[in-house]
Amino acid sequence: MSISLSPFTKEQLLPQEEKLEVARHKSELFIGIPNETSYQERRICLTPDAVNSLTAHGHRVMIEAGAGLNSSYSDKEYSDAGAEVSNDTKKVFGCPMILKVGTPTLEEIAMMNNQTILISSIQLKTKTKEYFEALSKKKITALAFEYIKDQDGSYPVVRSSSEIAGIASVLIASELMITNEFGKGLLFGNITGVPPTDVVILGAGTVGEFAAKTALGLGATVKVFDNSITKLRRLQNNLNHRIFTSTIQSKALLKALRRCDVAIGGMRGIERCPVIVTETMVEHMKRGAVIVDVSIDTGGCFETSEVTTHEKPTFIKSNVVHYCVPNIPSRYSKTASLSISNIISPFIMKIAEDGGIESAIRCDNGLKHGVYLYHGILTNKAIGDWFNLPNNDINLIVF
């Protein structure tokens, strides 16, 4: 009698029935939207129209009283849209899914239940190790707006905020050229017989592109500086307009800054925005010129920049007006809220249709990329390296 060398039994070698994953049914979500407590944060994640769409599909939305007031949305509008309005902050944070623009504080995390799903921004530069440890302790699954990818691989929330900041930088500069006591009384634009406004833009990314579009639309002369020829070429093509572009060279930049009426900083860096304009260069600028440093969120690209607030947005240094307010989109809270709501609400509907967050992140790689904590396990290497925390690749946990 021959001895079988196979590690399998006779029964295991017989053809077996194929076992497929059972399709998940649609799940009903219960979403909590608390008041924003982050400094100068005026936006809200969902507009009444988005809430109406969710409640019409059988989902529950609980919103804290007054959460939408800074974005010009009343409690009645949310109530009419089907949301439950509550004065109890703890009750709102007790919902299984929390939507916030700013990150929750440690006190707010303490109010959350275990296994809560948190969808918010992350604002990594302002976070501490304790924040991630507190979320991990509660076994929370957290997604960051900044990390969620669209089908084309772009970051829709980041791009939207940059578009708003780019357009706003020109509008803010146009106000500062006339309204403050140090203003030059100039109209931003191009009037027949009058030299046009001269604008210098640092950075050819999304902020620079939309600042350039807005400035050109008003008739200004625009010069864009960036060290990436690819970005400069793409900007020229997107503008469909030939403008002055240059790599960042001290001599050419100084010459442009001495002549300009407005300088806009839209540079980005890996950890901190690089300082492109020195204090000496600012001293050579025209008296009453305006600097709008959009990059102040990551340190600023002008050496003379100092963080200011929406309440007191400007200061004067070397006879130049500086506007260095972080989170410029929050100034236009309703527009910014509409933008975030229109991006996030389809993702929430997808989570429900896929049968919950577990299935949704399996089906959607863009949503999976937004996850930085999965049931309390840190899944983002950049965060792990930054705060020296143990982390795991989400693709090894969810597949």
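Everything quoted here is computed from the prediction, not taken from an experiment.

J.: Would you mind showing me how to read the packing of aromatic side chains here?
T.: Each aromatic ring pair is specified by the distance between its two centres and by the angle formed by the two planes. For the coordinates displayed, the defined rule picks out six aromatic pairs. A ring pair is formed by Phe-225 and Phe-244, whose centres lie 5.8 Å apart and whose planes are at 55 degrees; its orientation type is tilted. Placement of the pair is Phe-225 in strand β8 (residues 221-225) and Phe-244 in strand β9 (residues 244-246), with a sequence separation of 19 residues. Judged by its relative accessible area of 0%, Phe-225 falls in the buried class. Here the guanidinium or amino end of Arg-60 rests over the ring plane of Phe-30, the centre of that ring lying 3.9 Å away. Lying over the aromatic face of Phe-244, Lys-223 brings its terminal NZ or CZ to 5.9 Å of the ring centre.

J.: Help me out: how do you make sense of the packing of helix α7 (residues 156-176) against helix α8 (residues 206-217) in this one?
T.: Axis angle and axis distance: for two packed helices, these are the angle between their axes and the distance between the axes, and together they describe the pair. Interaxial distance between α7 and α8 falls to 7 Å at its minimum, and their mutual angle equals 40 degrees. Comparing the axis directions of α7 and α8 gives the class oblique. Note that α7 runs across α8; the crossing there is right-handed. Contact residues: Arg-159, Ser-162, Glu-163, Gly-166, Ile-167, Ser-169 and Val-170 in α7; Thr-206, Val-207, Glu-209, Phe-210, Ala-211, Thr-214 and Ala-215 in α8. Of the residues in the contact of α7 with α8, the class split is six nonpolar, five polar and three charged.

J.: Sorry, what's going on with the sheet that holds strand β4 (residues 97-99) here?
T.: Sheet strands line up and pair through hydrogen bonds in the backbone, either parallel or antiparallel. The eight strands lie next to each other as β3-β2-β1-β4-β5-β6-β14-β15, forming an open sheet whose pairing is mixed. A strand with exactly one partner marks an edge of an open sheet, and here the two such strands are β3 (84-86) and β15 (377-378). Two strands pair when backbone bridges link them, and strand β1 (residues 30-33) and strand β2 (residues 60-64) are joined in this way by four bridges, in the parallel orientation. When the bridges of β2 are listed, Gly-32 appears paired with Met-62.

J.: Help me out: how do you make sense of a nonpolar patch on the surface in this one?
T.: Side chains of Leu-187, Ile-191 and Val-194 sit close together on the surface and give an oily, nonpolar patch of about 290 Å² of accessible area. With respect to the secondary-structure elements, Ile-191 resides in the loop between α7 and β7 (198-202).

J.: Is there a simple way to explain the pairing of β8 in this structure?
T.: Along any regular strand, the residues point their side chains to alternate faces of the sheet. Of all five residues in β8, four are buried; the element is thus mostly enclosed. Crossover handedness for the path β7 to α8 to β8: right-handed. When β8 meets β9, the two strands line up parallel, connected through three bridges. Bridge assignment links Lys-223 to a residue of β9, and that residue is Phe-244.

J.: What is the right way to read the state of the cysteines from this model?
T.: Here, disulfide denotes a covalent bond that connects the sulfur atoms of two cysteines. Under the definition given, this model contains zero disulfides. Cys-301 forms no disulfide, and the closest cysteine sulfur to it belongs to Cys-273, at a distance of 4.6 Å. We note that Cys-324 lacks a disulfide partner, and the nearest cysteine sulfur, in Cys-301, lies 9.4 Å from it.

J.: Hey, could you run me through unusual backbone geometry in this one?
T.: Glycine aside, residues mostly have negative phi, and peptide bonds are mostly found in the trans state. A positive phi angle is found at Ser-318, which is not glycine, with a value near 55 degrees. One can find Ser-318 in the loop between β12 (314-317) and β13 (320-323). The backbone of His-375 sits at a positive phi, close to 50 degrees, despite the residue not being glycine. Of note, His-375 is situated in the loop between β14 (371-374) and β15.

J.: Would you explain the pattern of salt bridges in this entry?
T.: Side chains that differ in charge, positive against negative, can pair when their charged atoms come close. Using the criterion set out here, one finds 14 salt bridges in the structure. Two residues, Glu-41 and Arg-43, come together in a salt bridge whose shortest N-O distance is 2.8 Å. As far as burial versus exposure is concerned, Glu-41 and Arg-43 are alike and both buried. With its nearest N and O atoms 3.3 Å apart, the salt bridge here joins Asp-198 to Lys-223. Here Lys-223 lies in strand β8 and Asp-198 lies in strand β7, a separation of 25 residues in the sequence. The burial state of Asp-198 is the same as that of Lys-223; both residues are buried. Taken together, the salt bridges that share partners define one network made up of Glu-36, Lys-100 and Glu-108.

J.: Is there a simple way to explain the environment of Gly-185 in this structure?
T.: Within the element layout of this structure, Gly-185 appears in the loop between α7 and β7. Sequence spacing of Gly-185 and Glu-175 is ten residues, and the spatial spacing of their C-alpha atoms is 9.7 Å. For Gly-185, the residues in contact, after removing those within four places along its chain, are Met-177 and Ile-178.

J.: Looking at this structure, I do not really get the packing of α7 against helix α12 (residues 333-353). What am I missing?
T.: α12 packs onto α7 with a crossing angle of 160 degrees between their chain directions and a minimal axis gap of 10 Å. Of the possible angle classes, the one that applies to α7 and α12 is roughly antiparallel. Of the two possible hands of crossing, α7 and α12 adopt the one that is right-handed. Facing α7, whose interface residues are Pro-156, Val-157, Ser-160 and Ile-164, α12 presents Thr-335, Ala-336, Ser-339, Ile-343 and Ile-344. The residue inventory of the contact of α7 with α12, partitioned by class, reads six nonpolar, three polar and no charged.

What counts, and where the lines are drawn
Residues numbered from 1 in each chain as written. Predicted model: local features only at pLDDT ≥ 70, side-chain atom pairs only at ≥ 80, totals over all residues. Heavy atoms only, no water. Phe/Tyr/Trp six-rings, centres within 6.5 Å; stacked < 30°, edge-to-face > 60°. Helix = DSSP H or I, 4+ residues; strand = E, 2+ residues; numbered from the N terminus. Buried < 20%, exposed > 50% of the residue type's maximum accessible area, 1.4 Å probe, protein only. Lys NZ or Arg CZ within 6 Å of the ring centre and 35° of its normal. Axes fitted to C-alpha atoms, helices over the stretch in contact; angles between N-to-C directions. Parallel < 35°, antiparallel > 145°, perpendicular 65-115°, else oblique. Left-handed = near helix turned anticlockwise from the far one by under 90°. Contact = heavy atoms within 4.5 Å. Nonpolar A, V, L, I, M, F, W, Y, C, P; charged D, E, K, R; others polar. Pairing = 2+ DSSP bridges. Patch = residues over 30% accessible without salt bridge, like charges linked within 9 Å, V, L, I, M, F, W, Y side chains within 5 Å. Areas by Shrake-Rupley, 256 points an atom, 1.4 Å probe, with all protein chains shown as cover. Salt bridge = Lys/Arg side-chain N within 4 Å of Asp/Glu carboxyl O. Right-handed = clockwise from strand over helix to strand, strands pointing away. Disulfide = S-S within 2.5 Å.

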